[in-house]
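Listed below are the residues making up each chain.
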Amino acid sequence: MSEQLRSKAYFDKRASEEMSRHLKEANRSVSENLAYACRILAMTGQEAGLAGQITARSDKPNAYWTLRFGLGFDEATADDFVEVDQDLNTITGEGMANPATRFHLWVYQARPDVQSIIHTHSPWATTLATARQPLVVAQMDMAPLYDDCAFLGEWPGVPIADQEGVIISGALGNKKAIILAHHGYLTAGNSVQEATYLSVYLERAARLQVRAQAFGPLTPVDAKLAREAHDYLLKRSIVNATFDYWARQTTRYPGLK
């Protein structure tokens, strides 16, 4: 072995090339990805009655796909999604959208890069929201959210009108996630897979933060290393392979049909 140490950039490039060859993306429709995403959220304990929401941008302007209102995440199938317009009128499928998804429209309008949004009142992220605490990235698994998780310190109320969308989309800015004080969280991904990946890791990060604070103040990870980890862990191949693994898990999870 050469005594000369190769740079991290060398290994990053090599890993990326190998992942592109060996980690093949599953061929699924948007509705299939959304159904798996719902079941992943259920499997990871993120349901809260009908309060959770998931959407994906439609090919039609100012429209999106969402789970029809009245169903829980654990019940979702690919046939349970409806396409709605900018006034939440159903244009494809049967049923209605959750009225509280109206603020998603404002995020999509402000962020052309966002293709999918997840919002839940999950136990651990909502604990941070209840305590009005922003996320502190203090461990490697939190790194996908480093400098990418905003914080809204005031609750604008149940987001069924336009003003809440203006406030939430403005607070989110150009980031991929946000903790909503007194409320829950939101993730905004460039795919259904990324939004789901961020949701699972945000809930895990919140759990770590709440538990670790019992031992004293948290020490944030080094900024340079956190940025490196952020970019590495959000590689498309890693995100999609992780999503596919979780999707396979849902088929074996006893709590799901």
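Up top is the structure.
Treat the numbers as computed from the prediction; the structure is a model and nothing was measured. (Residues numbered from 1 in each chain as written. Predicted model: local features only at pLDDT ≥ 70, side-chain atom pairs only at ≥ 80, totals over all residues. Heavy atoms only, no water.)

### Looking at the packing of helix 3 (residues 102-110) against helix 5 (residues 162-172)
- Helix 5 packs onto helix 3 with a crossing angle of 45° between their chain directions and a minimal axis gap of 8 Å. The angle between helix 3 and helix 5 places the two elements in the oblique class. Crossing angle aside, the handedness with which helix 3 passes helix 5 is right-handed. Across the interface between the two elements, Arg102, Phe103, Trp106 and Val107 of helix 3 pack against Asp162, Glu164, Gly165, Val166, Ile168, Ser169 and Leu172 of helix 5.
- Residue composition of the contact of helix 3 with helix 5, by class: six nonpolar, two polar and three charged. (Axes fitted to C-alpha atoms, helices over the stretch in contact; angles between N-to-C directions. Helix = DSSP H or I, 4+ residues; strand = E, 2+ residues; numbered from the N terminus. Parallel < 35°, antiparallel > 145°, perpendicular 65-115°, else oblique. Left-handed = near helix turned anticlockwise from the far one by under 90°. Contact = heavy atoms within 4.5 Å. Nonpolar A, V, L, I, M, F, W, Y, C, P; charged D, E, K, R; others polar.)

### As for the nonpolar core
- Core analysis: the biggest nonpolar cluster contains 49 residues, and Ile54, Leu67, Phe81, Leu135, Leu145, Tyr197 and Leu202 have the highest contact counts within it.
- If one sorts the elements of this core by residue count, helix 6 (residues 192-212) sits on top with nine residues.
- Leave out the neighbours within four places in its chain, and isoleucine 54 touches Leu34, Ala37, Cys38, Trp65, Thr66, Leu67, Phe73, Phe81, Ile117 and Ile118.
- Grouped together as the second largest cluster of nonpolar side chains are 19 residues, Val107, Val114, Ile117 and Ala188 included. (Core = buried A, V, L, I, M, F, W, Y, C linked by side-chain atoms within 4.5 Å. Buried < 20%, exposed > 50% of the residue type's maximum accessible area, 1.4 Å probe, protein only.)

### Quick look at the layout of surface pockets
- Taken as a whole, the largest pocket holds about 340 Å³ of empty space.
- The wall of the largest pocket is formed by 20 residues, among which Asn33, Ser191, Val192, Gln193 and Arg236 lie closest to the centre.
- Of all the secondary structure elements, the ones that give two or more residues to the lining of the largest pocket are helix 2 (30-43), strand 1 (53-57), helix 6 and helix 8 (236-250).
- Take the lining of the largest pocket: its biggest share by element is four residues, from helix 8.
- If you trace the second largest pocket, you find 14 residues lining it, with Asn62, Gln86, Leu105, Trp106 and Gln109 closest to the centre.
- Counting residues per element, the lining of the second largest pocket draws most heavily on helix 3, which supplies five residues.
- Taken together, the residues of the lining of the second largest pocket break down into six nonpolar, four polar and four charged. (1 Å grid on protein atoms, 1.4 Å probe; cavity = no way out; pocket = protein on both sides within 12 Å on 5 of 7 lines; lining within 4 Å. Points joined across faces, edges and corners; volume = space filled by probe spheres on them.)

### Some words on the sheet that holds strand 1
- Taken together, the eight strands give an open sheet; going across it, the order is 4-3-2-1-5-8-7-6, and neighbouring strands pair in mixed fashion. The open sheet terminates on both sides in strands that have one partner only, identified here as strand 4 (90-92) and strand 6 (149-152). Put simply, the sheet's adjacent strands are angled 25° from each other on average, direction ignored.
- In the sheet, strand 1 pairs with strand 5 (residues 116-120) via four bridges, with the strands oriented antiparallel. Directly across from threonine 55, in strand 5, lies its bridge partner isoleucine 117. (Pairing = 2+ DSSP bridges.)

### Section: a nonpolar patch on the surface
- Where nonpolar side chains cluster on the molecular surface, the patch consists of Leu50, Phe69 and Met96 and spans about 250 Å² of accessible area.
- Take phenylalanine 69: it is sitting in the loop between strand 2 (64-67) and strand 3 (81-84).
- By relative accessible area, which is 35% here, phenylalanine 69 ends up partly exposed. (Patch = residues over 30% accessible without salt bridge, like charges linked within 9 Å, V, L, I, M, F, W, Y side chains within 5 Å. Areas by Shrake-Rupley, 256 points an atom, 1.4 Å probe, with all protein chains shown as cover. Salt bridge = Lys/Arg side-chain N within 4 Å of Asp/Glu carboxyl O.)

### Observations regarding the packing of aromatic side chains
- Under the counting rule described, the total for this entry stands at four aromatic pairs.
- For the pair tyrosine 64 and tyrosine 108, a centre-to-centre distance of 6.1 Å together with 40° between the ring planes defines the contact as tilted. Note that tyrosine 64 is positioned in strand 2 and tyrosine 108 in helix 3, a separation of 44 residues in sequence.
- Overall, tyrosine 108 belongs to the buried group, its relative accessible area being 6%.
- Seen in terms of ring centroids, tyrosine 197 and tryptophan 246 are 6.2 Å apart; in terms of plane orientation they differ by 35°. Their pairing is tilted. Here the residue tyrosine 197 occupies a position in helix 6, and tryptophan 246 occupies one in helix 8, the gap between them amounting to 49 residues.
- Exposure remark for tryptophan 246: the relative accessible area of 6% places this residue in the buried category. (Phe/Tyr/Trp six-rings, centres within 6.5 Å; stacked < 30°, edge-to-face > 60°.)

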